[in-house]
Amino acid sequence: MRRFLAAAAALLFSADLAFSATLIFPSDAPVASITIPDSWKPEETETGVDAVSDDEGVYFSVDVAGDDNMETIITDAFKYLEENGVKADPATQKDTKDTLNGMPFEAIDWSGTDEEGPVSIGVGILGVKADKLLVITYWGAKDREDRNMPEVGKILASIKAAN
């Protein structure tokens, strides 16, 4: 995730990609907003937003969690990765505490594999409001990661608390 934070900072002001309209989620009780390229086909889910890069090399999701469902949201993120054949190498685990867009951010990332080969995996917690957190899940094929990192940086840089 440190790499993702660096990408977000470096790319905050560069803009040569066509982005979709900013998504405010969840629709019924907005907590945050995010901007994702149209080509990633972002979709609102029951608890947030997810998207896949146009080359299918990167999966990215952001889910809203509160005290009542934090454990379920985090468990579901890991369950999704497992169901898709993503396996983390525990020896590569890196923990990061930082800020993202002025909000507290903690992340764990790993190298691992999926059915197609080597991947990067990240799960982060972003303190978007006093009573709400965002769980950010990242899964990227290492052979396509560099190509998608500019978009990932812009997506991360776009996350804001909803008013």
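Given the structure is predicted, the values throughout are model-derived calculations rather than measurements.

Calculation rules
Residues numbered from 1 in each chain as written. Predicted model: local features only at pLDDT ≥ 70, side-chain atom pairs only at ≥ 80, totals over all residues. Heavy atoms only, no water. Helix = DSSP H or I, 4+ residues; strand = E, 2+ residues; numbered from the N terminus. Buried < 20%, exposed > 50% of the residue type's maximum accessible area, 1.4 Å probe, protein only. Lys, Arg positive; Asp, Glu negative; His and termini not counted. Salt bridge = Lys/Arg side-chain N within 4 Å of Asp/Glu carboxyl O. Polar contact = N/O pair within 3.5 Å; in protein donor to acceptor, adjacent residues only side chain to side chain. Contact = heavy atoms within 4.5 Å. Core = buried A, V, L, I, M, F, W, Y, C linked by side-chain atoms within 4.5 Å. Pairing = 2+ DSSP bridges.

## Some points on the overall build of the protein
Here is step 1: The helix and strand tally for the protein stands at three helices and eleven strands.
Here is step 2: Helices and strands appear in the protein in the N-to-C order α-β-β-β-β-β-α-β-β-β-β-β-α-β.
Here is step 3: Counting over 163 residues, the protein shows a buried share of 47%.

## Examining the side chain of Asp63
Here is step 1: Along the chain, the position of Asp63 falls in strand S5 (residues 58–65).
Here is step 2: No salt bridge is formed by the buried Asp63, whose closest oppositely charged neighbour, Lys132, lies at an N-O distance of 12 Å.
Here is step 3: Of the polar contacts made by the side chain of Asp63, one reaches the side chain of Thr47; its length is 2.6 Å.
Here is step 4: Not counting chain neighbours up to four residues away, the residues in contact with Asp63 comprise Thr45, Thr47, Gly48, Ile73, Leu133, Leu134 and Val135.

## Comments concerning the nonpolar core
Here is step 1: One finds Phe25, Ile34, Trp40, Phe60, Leu126, Leu134 and Ile136 to be the most contacted residues of the largest nonpolar core, which totals 26 residues.
Here is step 2: Of all the secondary-structure elements, those providing two or more residues to this core are strand S2 (32–34), strand S4 (48–52), S5, strand S8 (103–114), strand S9 (117–129), strand S10 (132–141) and helix H3 (142–158).
Here is step 3: Ranked by size, the runner-up nonpolar core spans twelve residues in total, among them Tyr59, Met70, Val86 and Trp139.

## Regarding the sheet that holds strand S11 (residues 160–161)
Here is step 1: With antiparallel pairing, three strands are arranged side by side in an open sheet as S1-S2-S11. Two strands bound the open sheet, and with one partner strand each, they are strand S1 (23–25) and S11.

## A word on unusual backbone geometry
Here is step 1: Residue Phe25 is joined to Pro26 through a cis peptide bond whose omega torsion reads -15°.
Here is step 2: In this structure, Pro26 sits in the loop between S1 and S2.
Here is step 3: If you check the backbone angles, Lys41 has positive phi at about 50° while not being a glycine.
Here is step 4: Structurally, the position occupied by Lys41 is in the loop between S2 and strand S3 (43–44).
Here is step 5: Its identity as a non-glycine residue notwithstanding, Glu56 has a phi of 60°, on the positive side.
Here is step 6: Counting through the fold element by element, Glu56 comes out in the loop between S4 and S5.
Here is step 7: Owing to a relative accessible area of 63%, Glu56 belongs among the exposed residues under this scheme.

## Quick word on the pattern of salt bridges
Here is step 1: Enumeration according to the criterion identifies four salt bridges in this entry.
Here is step 2: For Asp54, the salt bridge identified is with Arg147, shortest N-O distance 3.2 Å. Here Asp54, found in the loop between S4 and S5, pairs with Arg147, found in helix H3; they are 93 residues apart in sequence, far enough to count as distant.
Here is step 3: A salt bridge links Arg144 to Glu116; its shortest N-O distance comes to 2.9 Å. Residue Arg144 is located in helix H3, and its partner Glu116 is located in the loop between S8 and S9; the two are separated by 28 residues in the primary sequence.
Here is step 4: Beyond isolated ion pairs, a larger network of salt bridges with shared partners links Asp54, Asp55 and Arg147.

Any functional reading would require information that these geometric values do not contain.
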